[in-house]
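Tertiary structure, described
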Amino acid sequence: MTMVKHAAIVGSGPSGFYAAEALLSALPDIVIDMFERLPTPYGLVRSGVAPDHRKLKQVTHVFDKIMRSERFNFLGNVSVGTDVSLEALQQSYDIVILAYGASTDRKMGISGEGLANSHSAAEFVGWYNGHPDFRDRTFDLSQEVAVVVGHGNVAADVARILLQPPDDLRSTDIAAHALEALAESNIREVHLVGRRGPAQAKFTTGELRGLGLIPQCQALTDSNAVTLGPACELELADRSNINALRNVEVFRGLCNARDSQIARKLIFHFCLSPEMLEGEAGRVKQFVFRRNMLRGNPFEQAAVPTEELFGIDCGLVFGSIGYRGQPLERIPFDFRRGVVPNRKGRVERDGIALDGLYVTGWLKRGPTGIIGTNRADSIETVQQMLEDLPGRIPRPQGGRRQLVDSILRRSAPVIGLPEWLKIDAAERAMGRPVNKPREKFTRITDMIDIVSQDHVRNTSDDYGARLG
Ligand SMILES: Cc1cc2nc3c(=O)[nH]c(=O)nc-3n(C[C@H](O)[C@H](O)[C@H](O)COP(=O)(O)OP(=O)(O)OC[C@H]3O[C@@H](n4cnc5c(N)ncnc54)[C@H](O)[C@@H]3O)c2cc1C
Ligand SMILES: NC(=O)c1ccc[n+]([C@@H]2O[C@H](COP(=O)([O-])OP(=O)(O)OC[C@H]3O[C@@H](n4cnc5c(N)ncnc54)[C@H](OP(=O)(O)O)[C@@H]3O)[C@@H](O)[C@H]2O)c1
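Residues numbered from 1 in each chain as written. Chains lettered and ligands numbered in written order. Predicted model: local features only at pLDDT ≥ 70, side-chain atom pairs only at ≥ 80, totals over all residues. Heavy atoms only, no water.

Description of the site of ligand 1
In the neighbourhood of ligand 1, 31 residues make up the surrounding shell, with Ser15, Glu36, Trp362, Gly369 and Ile371 lying closest. For ligand 1, an oxygen atom lies 3.4 Å from a polar atom in the backbone of proline 14. Interatomic distance of 3.1 Å between a backbone N/O atom of arginine 37 and a nitrogen atom of ligand 1. Here the residues of the shell around ligand 1 are counted per class, giving 16 nonpolar, 12 polar and three charged. (Near = heavy atom within 4 Å. Polar contact = N/O pair within 3.5 Å; in protein donor to acceptor, adjacent residues only side chain to side chain. Nonpolar A, V, L, I, M, F, W, Y, C, P; charged D, E, K, R; others polar.)

A closer look at unusual backbone geometry
In this model, asparagine 117 sits at a positive phi of 75°, which is unusual for a non-glycine residue. Relative to the elements of secondary structure, asparagine 117 occurs in the loop between strand S5 (104–105) and strand S6 (118–120). On the basis of relative accessibility, which here comes to 10%, the residue asparagine 117 falls in the buried class. (Helix = DSSP H or I, 4+ residues; strand = E, 2+ residues; numbered from the N terminus. Buried < 20%, exposed > 50% of the residue type's maximum accessible area, 1.4 Å probe, protein only.)

Focus: the packing of aromatic side chains
In the structure shown here, the tally under the stated rule is 20 aromatic pairs. Each residue in the set Phe17, Tyr18, Tyr42, Phe63, Phe72 and Trp420 is aromatic and connected to the rest through ring pairs, giving one cluster. In this arrangement the basic side chain of arginine 291 is found over the ring face of phenylalanine 310, its NZ or CZ atom lying 5.3 Å from the centre. (Phe/Tyr/Trp six-rings, centres within 6.5 Å; stacked < 30°, edge-to-face > 60°. Lys NZ or Arg CZ within 6 Å of the ring centre and 35° of its normal.)

Description of the sheet that holds strand S12 (residues 283–295)
If you trace the three strands from one edge of the open sheet to the other, you get S11-S12-S13, paired in antiparallel fashion. Taken across any chain shown, the strands that pair with only one partner, and hence form the sheet edges, are strand S11 (272–280) and strand S13 (302–313). Direction aside, neighbouring strands of the sheet carry axes that sit 20° apart on average. As paired strands, S12 and S13 are joined by nine bridges and run antiparallel to one another. (Pairing = 2+ DSSP bridges. Axes fitted to C-alpha atoms, helices over the stretch in contact; angles between N-to-C directions.)

Digging into the sheet that holds strand S3 (residues 72–76)
The seven strands lie next to each other as S3-S2-S1-S4-S18-S17-S16, forming an open sheet whose pairing is mixed. Bordering the open sheet on either side are S3 and strand S16 (342–343), each of which pairs with just one other strand. Taken together, the two bridges between S16 and strand S17 (residues 346–349) define a ladder with antiparallel strand orientation. When the sheet's bridge partners are listed, arginine 343 is paired in S17 with arginine 346.

Side note on the side chain of threonine 40
Tracing the backbone through its elements, the reader meets threonine 40 in the loop between strand S2 (31–36) and helix H2 (44–47). Take threonine 40: its relative accessible area is 4%, and that puts it in the buried class.

Quick look at the pairing of strand S1 (residues 6–10)
Where burial is concerned, most of S1 is hidden: five out of the five residues are buried. Every second residue of S1 is oriented toward a common face, with His6, Ala8 and Val10 on one face and Ala7 and Ile9 on the other, all of them buried.

Let's talk about the packing of helix H1 (residues 14–26) against helix H12 (residues 373–388)
When two helices pack together, their arrangement is given by the angle between the helix axes and the distance between those axes. Between H1 and H12, whose axes approach to 8 Å, the crossing angle comes to 45°. Comparing the axis directions of H1 and H12 gives the class oblique. Every pair of crossing elements has a handedness; the one defined by H1 and H12 is right-handed. Contact residues: Pro14, Ser15, Tyr18, Ala19, Glu21, Ala22, Leu23 and Ala26 in H1; Asn374, Arg375, Ser378, Ile379, Val382, Met385 and Leu386 in H12. In terms of residue class, the contact of H1 with H12 is made up of 10 nonpolar, three polar and two charged. (Parallel < 35°, antiparallel > 145°, perpendicular 65-115°, else oblique. Left-handed = near helix turned anticlockwise from the far one by under 90°. Contact = heavy atoms within 4.5 Å.)

Quick word on the layout of surface pockets
Reported here for the second largest pocket is a volume of approximately 340 Å³. In terms of lining, the second largest pocket is formed by 17 residues, of which the most central are Lys57, Thr60, Asp173, Pro437 and Arg438. For the lining of the second largest pocket, the element with the highest residue contribution is helix H3 (residues 60–67), accounting for three residues. The residue makeup of the lining of the second largest pocket, split by class, is four nonpolar, three polar and 10 charged. (1 Å grid on protein atoms, 1.4 Å probe; cavity = no way out; pocket = protein on both sides within 12 Å on 5 of 7 lines; lining within 4 Å. Points joined across faces, edges and corners; volume = space filled by probe spheres on them.)

A look at the pattern of salt bridges
Going through the model one piece at a time under the given rule, you end up with 28 salt bridges. Across the salt bridge formed by arginine 160 and aspartate 157, the nearest N and O atoms sit 3.2 Å from each other. Residue arginine 160 and its partner aspartate 157 are located together in helix H6 (residues 153–163), separated by three residues, close to a single helical turn. Residue class for aspartate 157 comes out buried when judged on its relative accessible area of 11%. For glutamate 308, the salt bridge goes to arginine 291, with nearest N and O atoms at 3.1 Å. Taken together, the positions of glutamate 308 in strand S13 and arginine 291 in strand S12 put the pair 17 residues apart, joining distant regions of the chain. The class for glutamate 308 is partly exposed, based on a relative accessible area of 41%. Of the residues examined, arginine 291 reaches a relative accessible area of 26% and is grouped as partly exposed. Salt bridges here are not isolated pairs; linked through shared partners, they connect Arg46, Asp424, Glu427, Arg428 and Arg438. (Salt bridge = Lys/Arg side-chain N within 4 Å of Asp/Glu carboxyl O.)

Okay, structure coming up:
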């Protein structure tokens with residue numbers, strides 16, 4: 001009944017896998033090729049989720065099951081837009097689903113942002129998680145005071161990794177180079193700065209509470225900061241806003257609880273917007289903020305700047321104000337929001353749906369939501385695709401075999417499931433002696449070396465009789 005035989009998914013993060021799961025269960029004949037620019041699958045579950053969130057990483061078991069389906073092929077180490085064009089995918093597959101995420105950091109856009117020791121959270125997160133793009137970054141952990149801008153869960157991860165006793169990270173999958181550097185860290189004080197108030201902070205309460213429980217570290221805030229105006233009180237009274245209410249209770253519990261015996265401190269600041277970074281000898285020296293007032297109706301309160309400036313002396317800075325998607329080739333792109341314009345997952349140009357092209361995950365809705373959010377999102381996208389089926393004109397057959405053949409013939413090896421399993425096994429084996437779940441390869445060349453040992457190169461036959 002279906003005219004969709006072959007689907008290409010671009011990106012192997014949660015949204016790509018959940019789209020694959022929905023497609024496999026809806027269409028019994030479909031064969032899926034998932035293209036991933038890295039040799040390793042799982043997107044931000046491998047390279048974003050903090051190493052001490054071990055349980056969460058177990059979601060990869062769900063993805064592994066999908067990878068083992070006979071109707072699914074993983075093509076790792078193949079970057080769409082560089083190694084193969086999106087246009088070629090569109091010509092060779094009945095449908096293409098874009099699931100390549102939002103990997104670029106948003107910049108604060110202030111003077112001094114380019115100084116040494118000023119970084120984005122995305123760089124630091126990629127570095128401690130062993131993402132090959134960030135392997136060679138360095139962070140000056142000889143400094144004592146760091147400022148993290150943003151009151152979201154990524155900022156919480158960055159602050160926790162900076163302040164946590166390194167011994168607590170030893171049995172995680174944190175990259176070895178990061179563990180080594182953090183073990184020598186001098187950071188004693190982290191300032192976590194939000195532009196709005198405690199009722200608008202985006203931390204989930206579990207993550208916020210976790211920040212108050214870091215061993216040998218005291219979390220603090222000022223009691224004036226948690227005195228709320230009427231619009232905030234109305235926000236907190238709304239039953240749907242229970243996370244904010246709980247967050248405010250946590251912040252109130254941290255007021256003025258100073259204990260000079262505790263060496264490390266985490267200090268929450270509210271209603272401060274980044275104004276400029278001042279440097280000395282080319283390096284960050286002071287972060288200057290502008291104090292804000294909250295103005296507007298409940299749930300629409302904006303940070304309105306005042307005349308007052310506030311400085312924090314610091315030696316290290318991380319902007320953690322969100323991520324951004326990037327366009328690929330000539331696809332329509334909403335540069336303001338950093339997403340591919342779409343209606344429930346159908347990619348649109350000037351309001352008109354493009355034939356056979358869909359989008360899901362962070363690239364579809366913007367860089368918000370936890371892993372599970374992507375499941376419902378991908379189901380919605382696949383649902384649109386299924387609704388479009390009756391009107392589809394089938395692609396000429398044979399194009400996919402030719403395309404996959406040409407990709408397999410190029411010089412850089414394609415990482416399929418057997419090769420990934422080899423990388424995975426090697427990482428686990430390296431982790432065992434040091435009691436880590438895995439010791440990640442952090443260089444693509446090391447991953448390729450491992451799979452190249454005793455390896456006969458894939459041919460299109462390895463991608464099964466299903467090609468064609
Ligand atoms: C630092 C951080 C920590 C997080 N921690 C948690 C957490 O603890 N719990 C939780 O539930 N959620 C967490 N999240 C949110 C969660 O990671 C996201 O909701 C989810 O990963 C988004 O999935 P995605 O598939 O849209 O994108 P991604 O996970 O980013 O996957 C996109 C994939 O596409 C690949 N790709 C990019 N460009 C190309 C290309 N040109 N060709 C081929 N492949 C390409 C990328 O390499 C990547 O593998 C965290 C997010 C961040 C940033
Ligand atoms: N453990 C977990 O479950 C976990 C861990 C990490 C990430 N995640 C998820 O991943 C998603 C991304 O997280 P995130 O922390 O990057 O984003 P986020 O939750 O959207 O938080 C971004 C923060 O940056 C602030 N901000 C934005 N622009 C700013 C500017 N120009 N100046 C100053 N501050 C600015 C925002 O303030 P405003 O509110 O004022 O805009 C907000 O406090 C979230 O949905 C998060 O829940 C989940």
